[in-house]
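# Examination of the molecular architecture
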Amino acid sequence: MTAVAITETEGEYNFAYLDEQTKRMIRRAILKGIAIPGYQVPFAAREMPMPYGWGTGGVQVTAAVLGREDTLKVIDQGSDDTTNAVAIRGFFEKTAQVKTTSATKDATIIQTRHRIPEKELTEDQILVFQVPIPEPLRFLEPRETETRKMHALEEYGLMHVKLYEDIAHHGRIATTYAYPVKVADRYVMDPSPTPKFDNPKIDNMKALQLYGAGREKRIYAIPPYTKVKSLDFDDHPFEVQKFDKPCGLCGARHVYLDEVVLDDQGGRMFVCSDSDYCEERRAEGHVGDMAANPAASHLAGKSSGAAKTEAGE
Amino acid sequence: MYVAVKGGEKAIRNAHRLMATKRRGDRSVPGLTLEQIAGQLAIAVARVMGEGSLYDEGLAALAIKQARGDLIEAVFLLRAYRTTLPRFGYSEPVDTGAMLVERRISATFKDLPGGQLLGPTFDYTHRLLDFKLAADGELDAPLTAEVTETAMPRVTDLLSGEGLIEEDVQPEETAAVGDLTREPLSFPAGRDLRLQNLARGDEGFLLALAYSTQRGYGRTHPFAGEIRYGAVEVEFFAEELGFAVPLGRINVTECQMVNQFKGSAKVPPQFTRGYGLVFGQVERKAMSMAMVDRSLRCEELGEERTAPAQDEEFVMSHSDNVQATGFVEHLKLPHYVDFQAELDLVRRMRGEWFDRQAADQAAASEAIGSGPTGTSEKEAAE
Amino acid sequence: MTDFLSEEPLLRASGVTRFYGDRIGCRDVSFELWPGEVLAIVGESGSGKTTLLNCLATRLAPTAGAIEYRMRDGAMRDLFQLTEAERRFLMRTDWGFVHQNAADGLRMTVSAGANVGERLMAVGNRHYGNIRGTALDWLERVEIDGTRIDDDPRAFSGGMRQRLQIARNLVTGPRLVFMDEPTGGLDVSVQARLLDLLRGLVADLGLSVVIVTHDLAVARLLSHRMIVMRNGEVIETGLTDQVLDDPQAPYTQLLVSSILQV
């Protein structure tokens, strides 16, 4: 048998993990994506040390655009301290030693899964999305060869057939997240599984938006100040979800809320999904009607220290 | 409850620490050495090397140990390590005809030049649990024979002399071989990329697909023309020297399936082939790969595409177990933002449904007395 | 509406030939189709009529020969010189294709309304109410009860599916419709009703139609002119009544005598 020897290789990884050749390849894809807003650029996604489907596309995009002076924020479900956000932030702390933050305003790069921060982003920021299935036509047409042709020829009638069916059967468009948009009057694009509540933020955003799908090996982009229209019908215009109540902790309205189950008696409260936004408001003295409720007290703490439960197996 | 999802860094750290303890198991029992894994679980190691596409028994053994025997997790570890390695170039194609053969069988000929060589195999063993093995009893030394210098030509080369089997397509000198680790896959893919994809593909997935062709979902009438296992030399063409230098030997299993083919307008009836090549002695995978390769050639051979195993996009998009496991398991990640949106919609639609029901009932009770309205004209019965 | 241009044909096939390997699909077929004209291509199975139809409809590339079509701007264009985008646009606006098996021409998992509305949405119609209104209107014209608009075609009988397929094709006001055995596989009484409907629609809309059928009765009922094919070649052409009442070619005589006179 061959001799079995392992050499110590820890600490030999390049800045932000990927080698410079790979980063150049990804940057070329990003530039092409910016040049053709909404078009899915194929790229040779690498195997990353985290599983496919857990943000490998976003991580590669972030690694390719990250500089030593950048400040990185990572959120998942709107929050900085969900498990996967913690893991990805930790990955860049370890491999790139960049500054990280949970404050939206301090970040230069924000990697996100499923949400866009409530606070308006600026021209100096880049928003990186993790994308599971980049193809908006995929569930209408499973074949890549066909969907690429449909994009090339701008044949998007099928997309409206889906919306038509929603209205015919449910009285309304029943798509609530990953709601398809048309970018710069040309490409139909999947904005990743963010709730459609966030779609208006994509339109004419000041920050650069980069979308990375690792498993499916696609990158696409929306340059700053680009028109992005959510698909709809003239007589059934696009609408976002509305919440009846404000945030129970900070009293914010017109923000996306998470429903928190308080007990098994049907007790519920609604709190900001964007944890940084909520904290900032509370620091400014805003108080929601549930803030004093003992059942909610553990939610109101500084969230990074909120991990009261030790993880079991 | 809620905070359990917001795990935080401490919870993750602790979870990983607990996992490390579980991995070690009973500390009064000696830990597994990599030599033990590489030497005694050689087929598991070979599978991890193949699907991880990195030939290194030590690293594969480490991956298996680190993954607690979860082979797909081990493949993943090896792949993630592999991406970080610098690439110096591409080796020359290995010459399996010059293999130092340890095992070689053909199901299509009773005897053939070089002979049949059974070699190490589970075939023809009775699948009875061997309790002596549990006690690690005495082991007889294997028998050895004189090495004969008879050449062992590949069965497909024997058949092609007669023109009975299709020629190996010789790619043009300048034809570039694709590399799916360096370029994104696009369809239609050439056979080079298909074979790469299958070589990295999940053994279980390919096995199931190959099996499905035998059961009629895209039949290919295969014969195991030859399966050979042994060591081949890996050579690298060094620009500076102007010739290829040997880098070392690797063990591979090669399978050539021979399939019936009725011929077409351009080509007389002849046998066609499917090809499988894997690291180590992973025969099941090599055979499955060869069968699926042949199925995927349906278009080229003018066969109708009707079954999953013939569908290039379907097979190639779903064969990679690292991709598959990542996406299946990503459902463990929190999805409560999207779920919230759905929850809201379902609540509203339920509300409207109950309102409609109530309205219909009210209308129905008003209509009583005016006689049954009867069902509206249904055309389905025409 | 196309009267002032009717001095020119709508479709012109010149020497259309298609081989499958060394087997002949169809050979050297030439004809012209005029606006408002219904042309039947008849023959036994294997005669090459479906191959010809698929070439005409650009679903199959001919090995030799040319097929020209007069676009809406009046220009005669070689169909195989069009870009794929132009060709696909033509196929979903100015043309229709009615398959023998309705499942090949319908989306079986979406509602009847969406099936009819799809072409409208494909050309940019974005008003749900209008799309639905038009769909309802068309369902009525093909004699499908409006209450079935939200049912999908899997719940429809064969005859209804075929009528739905016709509505789906006609909704964009095409000028030319290809039909491949549209009444094949249906019961005789259902066939009669469908033929009646087709004849009415073709006359009302002034459609040009190329219809492939093995059934001379269908040709008699619908077409003005017919082409008889055998072994990939045209045996006889002429006005339908002429060909059926006074066939010239021995093969046509055989065909005509083998069926009951209508």
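Along each chain, residue indices are assigned from 1 in the same order as the chain's sequence is written. Numbering of ligands from 1 and lettering of chains from A proceed in the order in which they are written. It should be noted that, the model being predicted, local features are given only for residues of pLDDT at least 70 and side-chain atom pairs only at 80 or more, the latter also being counted only at that level, while totals for whole chains, interfaces and linings use all residues. For the side-chain quantities, the full set of heavy atoms in the structure was used; hydrogens and water were omitted.

## Regarding the overall build of chain B
Quick note on the threshold: The helix count covers DSSP runs of H or I at least four residues long, the strand count covers runs of E at least two residues long, and both are numbered beginning at the N terminus. Burial here depends on accessible area, computed with a 1.4 Å probe over protein chains only, as a share of the maximum for the residue type. Under 20% is buried, over 50% is exposed, and the range in between is partly exposed. Contacts are assigned to residue pairs that have any heavy atoms within 4.5 Å of one another. Asp and Glu count as negative and Lys and Arg as positive, but His and the ends of the chain are not part of the count. One atom stands in for each charge, and that atom is NZ of Lys, CZ of Arg, CG of Asp or CD of Glu.
Across its full length, chain B carries 14 helices and 4 strands. Seen along its three principal axes, the alpha-carbon backbone of chain B occupies a region of about 100 × 70 × 55 Å. Among the 382 residues that make up chain B, the fraction classed as buried is 38%. Restricting the contact set of chain B to residue pairs at least 6 apart, pairs at least 24 apart contribute 65%. A gap of 7 Å separates the mean positions of the 42 positive and 58 negative side-chain charges of chain B.

## What about the overall build of chain A?
Inclusion rule: Every radius of gyration here is taken over C-alpha atoms, with the globule rule written as 2.2 Å times N^0.38, N being the number of residues.
Within chain A one finds 8 helices and 12 strands. Here the C-alpha radius of gyration of chain A, 21 Å, is about what a compact globule of 313 residues would show, namely 20 Å. The principal-axis extent of the C-alpha atoms belonging to chain A is close to 65 × 55 × 45 Å. Here chain A, with 313 residues, has 59% of them falling under the buried criterion. Taking the intrachain contacts of chain A between residues at least 6 apart in sequence as the baseline, contacts between residues at least 24 apart amount to 62%.

## Quick notes on the packing of helix α4 (residues 112–122) of chain C against helix α5 (residues 128–141) of chain C
Think of two packed helices as two axes; the pair is described by the angle between the axes and how far apart they sit. Residue and element names in this part refer to chain C. What counts, and what does not: Only the stretch in contact is used when fitting a helix axis, every axis being a line fitted to C-alpha atoms; angles between N-to-C directions are given from 0 to 180 degrees. Should an angle lie under 35 degrees it is considered roughly parallel, over 145 roughly antiparallel, and from 65 to 115 roughly perpendicular; all remaining angles are considered oblique. By convention the crossing between two helices is left-handed if the near helix lies anticlockwise of the far one by an angle smaller than a right angle, and right-handed if it lies clockwise. Polarity classes work like this: nonpolar for Ala, Val, Leu, Ile, Met, Phe, Trp, Tyr, Cys and Pro, charged for Asp, Glu, Lys and Arg, and polar for all others, with Gly in that last group.
Two elements in contact, α4 and α5, have axes whose closest approach is 9 Å; the angle formed by their N-to-C orientations is 125 degrees. The orientation of α4 with respect to α5, classified from their angle, is oblique. The element α4 and its partner α5 pack so that their crossing is right-handed. Across from Gly113, Val116, Gly117, Leu120 and Met121 in α4, the residues of α5 making contact are Ile131, Thr134, Ala135, Trp138 and Leu139. Of the residues in the contact of α4 with α5, the class split is 7 nonpolar, 3 polar and no charged.

## Regarding the packing of aromatic side chains
We count it as follows: Working definition: a ring pair exists when centres of Phe, Tyr or Trp rings (six-membered ring for Trp) sit within 6.5 Å. Plane angles under 30 degrees give stacked, over 60 give edge-to-face, the rest tilted. Only lysine NZ and arginine CZ atoms are considered, and such an atom sits over a ring when it is within 6 Å of the ring centre and within 35 degrees of the ring normal.
A full pass over the atoms with the stated rule returns 16 aromatic pairs over all chains. By way of ring pairs, the aromatic residues Tyr69(C), Trp95(C), Phe97(C) and Phe178(C) are connected into one cluster. Positioned over the ring face of Tyr187(A) is Arg186(A), at 4.2 Å from the centre of the ring. Above the ring of Trp138(C), the side-chain terminus of Arg141(C) is found at 4.5 Å from the ring centroid.

## Structural notes on the interface of chain A and chain B
To keep things clear, this is the line we draw: A 1.4 Å probe defines the accessible area here, and the buried area is the portion of it lost by two parts on being joined, summed over both. Any carboxyl oxygen of Asp or Glu within 4 Å of a side-chain nitrogen of Lys or Arg constitutes a salt bridge here. Identification of polar contacts relies on pairs of N or O atoms within 3.5 Å, with a donor-acceptor requirement for protein atoms, meaning one able to donate a hydrogen and the other able to accept it, and with residues adjacent in sequence counted only if both atoms are side-chain atoms.
At the junction of the two partners, chain A supplies 71 residues and chain B supplies 63 residues. Together chain A and chain B conceal approximately 5,800 Å² of surface at their shared face, both sides included; 59% is due to carbon and sulfur atoms. Here chain A is connected to chain B by 5 salt bridges. In this structure, Glu47(A) and Arg79(B) form a salt bridge, with 2.6 Å as the shortest nitrogen-oxygen distance. One can count 22 residue pairs in polar contact (both at pLDDT 80 or more) joining chain A with chain B. Of all the secondary-structure elements, those providing two or more residues to the side of chain A that touches chain B are α3 (83–96), α4 (144–152), β11 (257–261), β12 (268–272) and α8 (297–300) of chain A.

## As for the interface of chain C and chain A
In this assembly, 21 residues from chain C lie in contact with 18 residues from chain A. Regarding the contact of chain C and chain A, the summed buried area is about 1,800 Å², with carbon and sulfur atoms giving 60% of it. When the buried area of chain C at its contact with chain A is split by residue, Arg88(C), Arg126(C) and Tyr128(C) rank highest and sum to 41% of it. In this assembly, chain C and chain A are joined by 4 salt bridges. Between Arg88(C) and Glu155(A) there is a salt bridge, and its shortest N-O distance comes to 2.8 Å. One can count 11 residue pairs in polar contact (both at pLDDT 80 or more) joining chain C with chain A. When contributions to the side of chain C that touches chain A are tallied by element, the ones reaching two or more residues are α2 (84–93), α4 and α5 of chain C.

## Some points on unusual backbone geometry
Residue and element names in this part refer to chain B. For the bond running from phenylalanine 187 to proline 188, omega is -5 degrees, close enough to zero to count as cis. Turning to its location among the elements, proline 188 is positioned in the loop between α8 (155–160) and α9 (191–200). The residue histidine 221 is not glycine, and still its phi comes out positive at about 50 degrees. In this structure, histidine 221 sits in the loop between α10 (203–214) and β2 (222–238).

## Quick look at the side chain of Arg194(B)
Residue and element names in this part refer to chain B. Among the structural elements, arginine 194 can be located in helix α9. Judged by relative accessible area, arginine 194 falls into the buried class, the value being 7%. Beyond its immediate chain neighbours, meaning those up to four positions away, arginine 194 contacts Ala189, Leu296, Arg297, Glu300, Glu312 and Met316.

## What about the confidence of the model for chain A?
Rules: Each residue carries a pLDDT score, the predictor's confidence in it, ranging from 0 to 100.
Looking at chain A as a whole, its pLDDT mean stands at 89, while 90% of the residues score no less than 70. Throughout residues 302–313 of chain A the model reports pLDDT below 50, and contacts reaching past four residues in sequence, or to other chains, amount to 22 contacts.

## Things to note about the pairing of strand β9 (residues 218–222) of chain A
Residues and elements named next belong to chain A. Put simply, the rule reads: Any two strands with at least two DSSP-identified bridges between them are counted as paired.
Of all 5 residues in β9, 5 are buried; the element is thus mostly enclosed. The alternating pattern of β9 places Arg218, Tyr220 and Ile222 and Ile219 and Ala221 on opposite faces, both of which are buried. Where strand β1 (residues 41–42) lies against β9, 2 bridges are found, and the strand directions are antiparallel. Within β9, the residue paired with valine 41 across the bridge is isoleucine 219. Here strand β8 (residues 208–213) pairs with β9 via 5 bridges, running antiparallel. Bridging across to β9, glutamine 209 finds its partner in isoleucine 222. Taken together, β8 and the strand that follows it, β9, pair antiparallel across an intervening segment of 4 residues, in which lysine 217 is found at a positive phi of about 60 degrees.

## Considerations on the pairing of strand β2 (residues 23–33) of chain C
Residues and elements named next belong to chain C. Inspection of the sheet shows strand β1 (residues 11–20) paired to β2 by 7 bridges, in the antiparallel sense. If you follow tyrosine 20 over to β2, its bridge partner there is arginine 23. Two successive antiparallel strands, β1 and β2, enclose a turn made up of 2 residues, where glycine 21 displays a positive phi of approximately 60 degrees.

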